[in-house]
Each structure stands twice: as C-alpha cells, then as structure tokens.
Amino acid sequence: MASVMEDPTLERHFKGHRDAVTSADFSPNSKYLATGSADKTLMIWSLAPKARAFRLVGHQDAVTGVQFSPSGALVASSSKDRTVRLWTPSMKGESTVFKAHTAAVRSVAFSYDGHQLVTASDDKSVKVWSVHRQCFVYSLNQHADWVRCARFSPDGRLIASCGDDKSVRLWDTATKHCINCFTECGSSATFVNFNSSGTCIASSGSDSSLKIWDLRTNKLIQHYQVHSSGINSFSFHPSNNYLISCSSDSTIKIMELLEGRLIYTLHGHKGAVITVAFSRAGDLFSSGGADRQVLLWRTNFDRKPYQDVLQQHSQRSTPDPPPHLSDIHPRAPHLHHPQPAAIQISPAVADTQSTDPHVIDLGPAAPHIKLHPGMMTATRRATLTLPQKMCVTKLF
C-alpha cells in the first residue's frame, strides 16, 4: 500500500554468522555494527559499502549480548560460557576476560559514562564491574530466578533488571538497595531498558506483552499486546517518540508512544527475531534473528517533525485504530491488540546494496592470515594473537 508517511526501508543485509543472531549494537558514530551469535562469535560490520567484516573468536559458548562503549573504543560481550569480554575493535582482536558469574551471563551493558559494566545472569544475580580497573565492584541479589537483562539509567543513579521471576527491579547504585519492584509482569520478563531521558522504563515478556512504567509516579502507563508470540528485545528511539520490538512471531513492530499506537509491522526475517537496536542518532535500526541474518533498516519516518508524522499517519486509507492513553489504568491497562490494518512492509523489499562481505577471523582459534587495510587502524599486515588479561579480583 502506498504511504503518505516516510516508511522504513530495508537498506542492507549481512550474512556471516553460522547460528542465530542474539544481540546487536551500533557504534556511537554509526559507522559500525556489532552483533553476537549463538555461534560463539562477535562480528563487527562496517556500514561502508563493500567493507570487510571482522569475526571475533574467543567465547566458548553462545554470545548473549554485545554493546559498544560510549566512546566506541571498546565492545563488551556476554556469553553462556559464564564470562564477559572487553574487546578492542581493531585488527589485533584483543580482549580482556572477566570471570563474571557462576552460570550463563545473559546481558552486558556499559554505564553512560563508560566507567562501569552491569551484567545479568542465570545465577540470579546482577553484578557491576569497573571497566578501568577490570574488576568486580558489587552484586545485587534479590531476584528469585534467572536474570535476563540489566541496564543503567542515563544518569547512572539507577539500574533496572528483569528475569524469570516475573519481576522488574529498580536499584539505587549509591545504596545498592532495591528501591522498587514492578510485579505486573504476567510471565518471564525478557528485556528491560530506560528511555533516553531516564523518566521511563519498559520491559518485554515471553507472554508477548510490552509494558512502560513512568518512574516519576511509579505507575504502569502503557501496555502493548501487538505480537502473537514472546517479545525478545526492544529499543527506544532517541527522541522517545517511538519504540521498536521484535518477537518469536517473526515480526518487528514499531509503536509511536505519545498517542500509543502501532504504526508498522515489518517482515523480513524467517523465524524468530531475537534482537533489534536503534542507532545513537535513530536514523538507522538493525535486527537479527534465528535465520542468522542481520538486517539494516533506515528509519525514514523520524526525518519529519513528530506532529507532521501523526497528522500524515491519520490520512492513511486504512490507519490503525488509535488506542487512547486515558484508557490505560496503572493496574488494569487497556491492551493494544493487533489489527488487520497494521501497516505491512513487504519482505521482498529490494536490497540493492548488499554483497556478502569478506570475513576476517580474529582470535585464538583463528588461522594465521594476512590482513588488508581494515576497520579502525592503519594499513598493515600481521599475524594475529589474542592476549588475555584475567580480572584482578577473584570472585569464586
């Protein structure tokens, strides 16, 4: 259907992972995309045309999370092998290993100043680490089951975490106390994050629900039920006006948050979509899934003033019926059910820019190869080694 809005477009696809893509994050300058996979590797993709990709080898089990540091100088990864690694995204492929938890590590994230990491684990704990001292700092231990995700607030004063105990917890980083526990989750909470202003947190669930709480009132203000299967991940647009989510139902959904409605359903993956992420500027977003593909999308609709977007969306021939925020009660929220009129983006969108990139393996398991001009370093040729520095603090 022709649209009066600027619809998202599929820009490129990246193929190189050998198993499901579990996580993704853009570099701060939006020139690179890091992805993690169940194939035990990270990949760094250059968004420049015809550029090489780099596979970072070192983890002994599935990679569950990746994130660039705020400066872009480091990439953190978490893994089911119970460790976290800090990588220098260069031709050397160096990493520092944190012996992180006693069970699988499900997520890793930097604080917004880049000084600390927060990790979530199947050992029911949330741990905070010093990046510069490369050591464990403290642990948060009130979850009663596996912890799926943990994130710092933009000001670093709070940590949000969620897990299989069907709760979302809010922690004070100064006192190390749990200051709130949201228990409206009807199932395992799969992902949690703050919006860019730090005024709200959202969490997704295996029951296909997505909920947003206002931290100024500690009330549930929106509840979306637009997917037909569990939600695996989501991402706030930096403007806080939009949110994208992905699900095991093979779709990506885009909600606009001020009026609280579904505006796009994107198709492109075969099988579960496991990760989505906006770039720092919001002009791009990526998705990855069980089909081992990484898709790069251009947002487009964020180019226009927000009120123009709302006005033009209302002019569609078959717009989505707009739910009303006043219908959403903190304890019994109105559910935003998917409608047949949801805007569909065809999976057959032409992808004219992609060619499968040449992949260079970096790490201890990589063969001795000659390198060509690369990603973030000057042109050189070298044989690769991977020095590993162990964390200076022994936890167990």
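Residues numbered from 1 in each chain as written. Predicted model: local features only at pLDDT ≥ 70, side-chain atom pairs only at ≥ 80, totals over all residues. Heavy atoms only, no water.

> Whenever I open this one, the environment of Trp297 confuses me. Can you help?
Assignment of secondary structure puts Trp297 in strand β28 (residues 293-298). Trp297 gets classed as buried once you look at its relative accessible area, which sits at 1%. A C-alpha to C-alpha distance of 7.1 Å links Trp297 and Arg12, two positions 285 residues apart in sequence. Of note is the side chain of Trp297, whose polar atom sits 3.1 Å from the side chain of Ser287. (Helix = DSSP H or I, 4+ residues; strand = E, 2+ residues; numbered from the N terminus. Buried < 20%, exposed > 50% of the residue type's maximum accessible area, 1.4 Å probe, protein only. Polar contact = N/O pair within 3.5 Å; in protein donor to acceptor, adjacent residues only side chain to side chain.)

> Is there a simple way to explain the sheet that holds strand β27 (residues 284-289) in this structure?
What holds strands together in a sheet is hydrogen bonding between their backbones, with the strands either parallel or antiparallel. Spatially, the four strands line up as an open sheet ordered β1-β28-β27-β26, and their pairing is antiparallel. Each end of this open sheet is capped by a strand with a single partner; those strands are β1 (9-15) and β26 (273-278). Put simply, the sheet's adjacent strands are angled 20° from each other on average, direction ignored. The pairing of β1 with β28 spans six bridges and is classified as antiparallel. Bridged to Leu10 within β28 is Trp297. (Pairing = 2+ DSSP bridges. Axes fitted to C-alpha atoms, helices over the stretch in contact; angles between N-to-C directions.)

> How do you make sense of the pairing of strand β18 (residues 189-194) when you look at a structure like this?
Side-chain direction in a regular strand flips from residue to residue, so the side chains alternate between the two faces of the sheet. The buried fraction of β18 amounts to six of the six residues, a majority that puts the element mostly inside the structure. Of the strand pairs in this sheet, β18 and strand β19 (residues 200-205) are connected by five bridges, and their pairing is antiparallel. Residue Phe191 lies in a different strand from β19, and its bridge partner there is Ser204. Taking the residues that link successive antiparallel strands as the turn, the β18-β19 hairpin has five residues, and the phi of Gly198 there is positive, at about 80°.

> Honestly, the packing of aromatic side chains in this entry has me stumped. Any pointers?
Aromatic rings in a pair are described by how distant their centres are and how their planes are angled relative to each other. Here the structure, examined in full by the defined rule, presents ten aromatic pairs. An angle of 85° between the planes, with centres 5.0 Å apart, marks the rings of Phe191 and Phe234 as edge-to-face. Placement of Phe191 in strand β18 and of Phe234 in strand β22 (residues 231-236) is noted, with a sequence separation of 43 residues between them. The buried category is assigned to Phe191, whose relative accessible area is 13%. What makes Phe234 buried here is its relative accessible area of 2%. Taken together, the ring pairs in this structure connect Phe98, Trp129 and Phe136 into an aromatic cluster. The cationic tip of Lys176 hangs over the ring face of Tyr138; the distance from NZ or CZ to the ring centre is 4.7 Å. (Phe/Tyr/Trp six-rings, centres within 6.5 Å; stacked < 30°, edge-to-face > 60°. Lys NZ or Arg CZ within 6 Å of the ring centre and 35° of its normal.)

> Just to check I follow, could you spell out the confidence of the model for the chain for this structure?
Close inspection of predicted coordinates is inappropriate in any region flagged by low pLDDT. Of the residues in the chain, 77% reach a pLDDT of 70 or more, and the chain-wide mean stands at 82. Here residues 317-353 is a poorly scored stretch, pLDDT under 50, and it has 77 contacts once near neighbours within four places are set aside; other chains count. Confidence drops under a pLDDT of 50 for residues 365-396, and excluding neighbours within four residues, the segment shows 80 contacts in the predicted structure. (pLDDT = per-residue confidence, 0-100. Contact = heavy atoms within 4.5 Å.)

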